[in-house]
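Letter by letter, the chains look like this.
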Amino acid sequence: MGNFDLLMQGFGVAITPMHLLLMVAGVLMGLVVGVLPGLGAPNGVSLLIPLTFSLDPTSAIILLSSMYWGALFGGSTTSILFNIPGEPSSVATTFDGYPMARSGESTRALTLAFMSAGIGALTGVIVITLLAGWASNFALRFGAPEYFAVYFLAFAAFIGMGSAAPMKTMVALTTGLLLSTVGMDTITGSVRLTFGYSELLSGISFLVVVIGLFGIGELLSTVQEGLRFRGVASKIDLRDVLKTIGELPRYWATSLRSALIGIWMGITPGGPTAASFMSYGIARSASRKGKAFGTGRPEGIIAPETADHSAGSCAMLPMLALGVPSSATAAVMMGGLMIWGLTPGPMLFATKPDFVWGLIASMYVSNLIGVVLVLATVPMFAALLRIPFAIIGPMIVAICFVGAYTVSNSTFDLWLVLLFGMVGYLFSKLDYPIAPLVLAMVLGHKAENAFHQSMVLSDGSLAIFFANPLVSAIMVVGIALLVVPKLLAFGSRFRRRIPVE
Amino acid sequence: MTVRRFHAEIGTALATGAVGATAAIGAVGLGYGWEERGPQPGYFPFYVGLILIAASIWNMVSAFAAHRQATAHAEATGETEEPFLEREHLDRIGRFIGAMIVFVIATLFLGIYVGSTGYIAYSAWRQGKYRPISALAMGAGFAVSLYVIFEVIFKIPLLKGPIEPLLGIY
């Protein structure tokens, strides 16, 4: 078991006082970010990246990933106590979590959510541990055409498997790709699409775009709703916590099924949001008799939470092993890796084992820290939402602009945040997905490089993408992901002859 | 004024199409064909731009189709089409964005500290109905914590205006 030895070595890296402190700090910041509207995991991580430039990459990634776990926990807290999903991926938790909390069992609801989240995350990390060595060895066989095929697969999966209209996903993707081409081109050395603006020479930073799209955009949606939080009392009673933990084994089937769904959606670019909805839906249709879903059923909390967290942690595997992130937050972290001078992909495992295994080991530790911390601090963070929006809203706005400014000390970026904030608001109102845009921005350069190199290899023939079994297989899976889900939907609609609304 | 979803869809599709067109036109200037060593610099943006234009046209057409169905439905049942943004929402969003734009402009001229103090104090005073003095205290407190976190702990300089040097802060 080479992986096991490496993991132990990773624990050696992860469990140092400095790193444990970073994990606690990361989880706490993540909780704040997860609880507050307008600050989610992707732009929380974006805001933090400029602050990590002075840390070494291992410490930096531990801090960022801990923040991600914290944000996931924080998102569930507000879903249950306030019926406001702090993160898009915890929307499904509101369906049963809030009713359960309303009926006076808020401790039970929170404990169910956090324990399932912890179980989901641990299952995800175990899968990463088992698959990491294999995945990176597999990826070592990849050349430029294979990489392009993998990027194609990731884009195709978003279009085919996403819940949004395929052409809207396409718009988001291609906009992201175009944004990534602005500025100095590293392959040909020419300056592209700057239209005479010298501010655009160094390109548009995806961090700035993420801060605008997710931060300001989400905040505008909150403003439109006219914030009025109606929270449930949030005292945590230790006896109820223990009682609820004792109740968990009864739902082992739901947990296991949800974890598997999460793992699948995390490794393929489905992402945590899709995973939690899917898991909730399947739990509902698989449930035996009992209280109806939507009225506070335990399975209705366990299913989305487990899937959300196992998908969230599994999203790290394709990012590390292939350099293809499958969620928006993983995309931002990968961008961070590249800023720190690391190239995600199979070579990372060979050249920086301490970094990779330190990160994987830290995922075990920081998720445990997360479960404990979140249970201990829920009342405190829930109080954050009682601060009037007239104060907290502008503070979040100011933090977003400050964060964008620190990316490259450019005032031009402030205008970009404003612009992309409005774009983000409009996109989410009109059901354009935002995650593909971020993914495309981060992957755009690499996809174009891979395409360029393949074309040079093949002398301009697209046949190189079907030249050997490996690359053909990836391309075929990509095309299938693009076409099959929509065909199935179309086919079943046709068969049942349901009139189109 | 009420914005209809149909208009918002069309406007967005036009805008994304325009982005695609801008990119494609820009790429034509760079050369979108082939040369000895492979694709020219504009190759990738040119074709991605074309795909974006096509997808935007598709979205526009489906918005028209949805609109026609909705109007037919509205005539049959007497219900009006679902509004995209009601007047009340539009007002709220407009005020929020307006304050944000003023904040950005103030930041450009006066620096982030003064800008955010003013912005937070103004919101707390007007929207939060706090007394001006406590609102100002909140804004100043926020700016001081920004200063401590960024400049003292992380040693990252933030944008400063003409006022900070007078206080001896560079």
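Residues numbered from 1 in each chain as written. Chains lettered and ligands numbered in written order. Predicted model: local features only at pLDDT ≥ 70, side-chain atom pairs only at ≥ 80, totals over all residues. Heavy atoms only, no water.

What exactly am I supposed to notice about the overall build of chain B here?
Helices and strands together make up the secondary structure of chain B, namely five helices and four strands. Reading chain B from its N end, one meets helices and strands in the order β-α-β-β-α-β-α-α-α. Rg of the C-alpha trace for chain B: 25 Å, well past the compact-globule value of 15 Å for 170 residues, more than 25% over. Dimensions of chain B, computed from C-alpha atoms along their principal axes, come out at roughly 65 × 60 × 25 Å. In chain B, buried positions account for 39% of the 170 residues. Considering only contacts within chain B whose residues lie at least 6 apart along the sequence, 54% involve residues at least 24 apart. Put simply, chain B shows about 9,600 Å² of open surface, and 67% of that area lies on carbon and sulfur atoms. (Helix = DSSP H or I, 4+ residues; strand = E, 2+ residues; numbered from the N terminus. Rg over C-alpha atoms; globule rule 2.2 N^0.38 Å. Buried < 20%, exposed > 50% of the residue type's maximum accessible area, 1.4 Å probe, protein only. Contact = heavy atoms within 4.5 Å. Areas by Shrake-Rupley, 256 points an atom, 1.4 Å probe, with all protein chains shown as cover.)

Where do I start with the confidence of the model for chain A in this structure?
Reading predicted coordinates in detail is not appropriate for stretches of low pLDDT. On average, residues of chain A score 86 in pLDDT, and 95% of them reach the 70 mark or higher. For residues 497-501 of chain A, every residue scores under 50 in pLDDT, and the model assigns this stretch three contacts once sequence neighbours within four places are set aside. (pLDDT = per-residue confidence, 0-100.)

Sorry if this is basic, but what is going on with the pattern of salt bridges here?
Where charged atoms from two side chains of opposite charge come close, those side chains can pair. This model, assessed by the stated rule, comprises eleven salt bridges over all chains. Close ionic contact of E105 of chain A with R108 of chain A constitutes a salt bridge, the shortest N to O distance being 3.2 Å. Overall, E105 of chain A belongs to the partly exposed group, its relative accessible area being 30%. The exposure class of R108 of chain A is buried, given its relative accessible area of 19%. A salt bridge links R5 of chain B to E9 of chain B; the shortest N-O distance between them is 3.3 Å. One end of the pair is R5 of chain B and the other is E9 of chain B, both in helix α1 (residues 5-30) and four residues apart, which spans about a single turn. Judged by relative accessible area, E9 of chain B falls into the buried class, the value being 9%. Members of the salt-bridge network, linked through shared partners, are K168 and D431 of chain A together with R5 and E9 of chain B. (Salt bridge = Lys/Arg side-chain N within 4 Å of Asp/Glu carboxyl O.)

Please clarify how the environment of F73 of chain A should be interpreted in this entry.
Residues and elements named next belong to chain A. Of note, F73 is situated in helix α4 (residues 57-82). By relative accessible area, F73 is classed as buried at 0%. In this structure the C-alpha to C-alpha distance between F73 and E146, which are 73 residues apart in sequence, comes to 36 Å. Excluding anything up to four places from it in sequence, F73 contacts L31, F114, A117, G118, H309, N367, G370, V371 and V374.

Any chance you could explain the domain arrangement of chain B here in plain terms?
A common measure of how large an interface is: the accessible area buried when the components associate. Looking at the assigned domains, one finds that chain B contains domain 1 (3-85) and domain 2 (87-167). The centre of domain 1 of chain B, based on its C-alpha atoms, is set 37 Å off from the matching centre of domain 2 of chain B. (Domains from an automatic or database assignment.)

Can you help me understand the interface of chain A and chain B in this one?
On the side of chain B, 62 residues touch chain A, which itself brings 57 residues to the contact. Together, the buried faces of chain A and chain B total about 5,200 Å²; carbon and sulfur atoms form 81% of this surface. If you sort the residues of chain A by the area they bury against chain B, L51, L178 and V402 of chain A come out on top, with a joint share of 11%. The tally of links from chain A across to chain B stands at two salt bridges. Put simply, R5 of chain B and D431 of chain A hold a salt bridge, and the shortest N to O gap is 3.3 Å. Taken together, the links from chain A to chain B amount to seven residue pairs in polar contact (both at pLDDT 80 or more). Of all the secondary structure elements, the ones that give two or more residues to the side of chain A that touches chain B are α8 (166-181), β2 (191-192), α9 (206-225), α18 (389-408), α19 (412-429) and α20 (435-458) of chain A. If you tally residues by element for the side of chain A that touches chain B, the top one is α18 of chain A, at twelve residues. Residue composition of the side of chain A that touches chain B, by class: 38 nonpolar, twelve polar and seven charged. (Buried area = accessible area lost by both parts, 1.4 Å probe. Polar contact = N/O pair within 3.5 Å; in protein donor to acceptor, adjacent residues only side chain to side chain. Nonpolar A, V, L, I, M, F, W, Y, C, P; charged D, E, K, R; others polar.)

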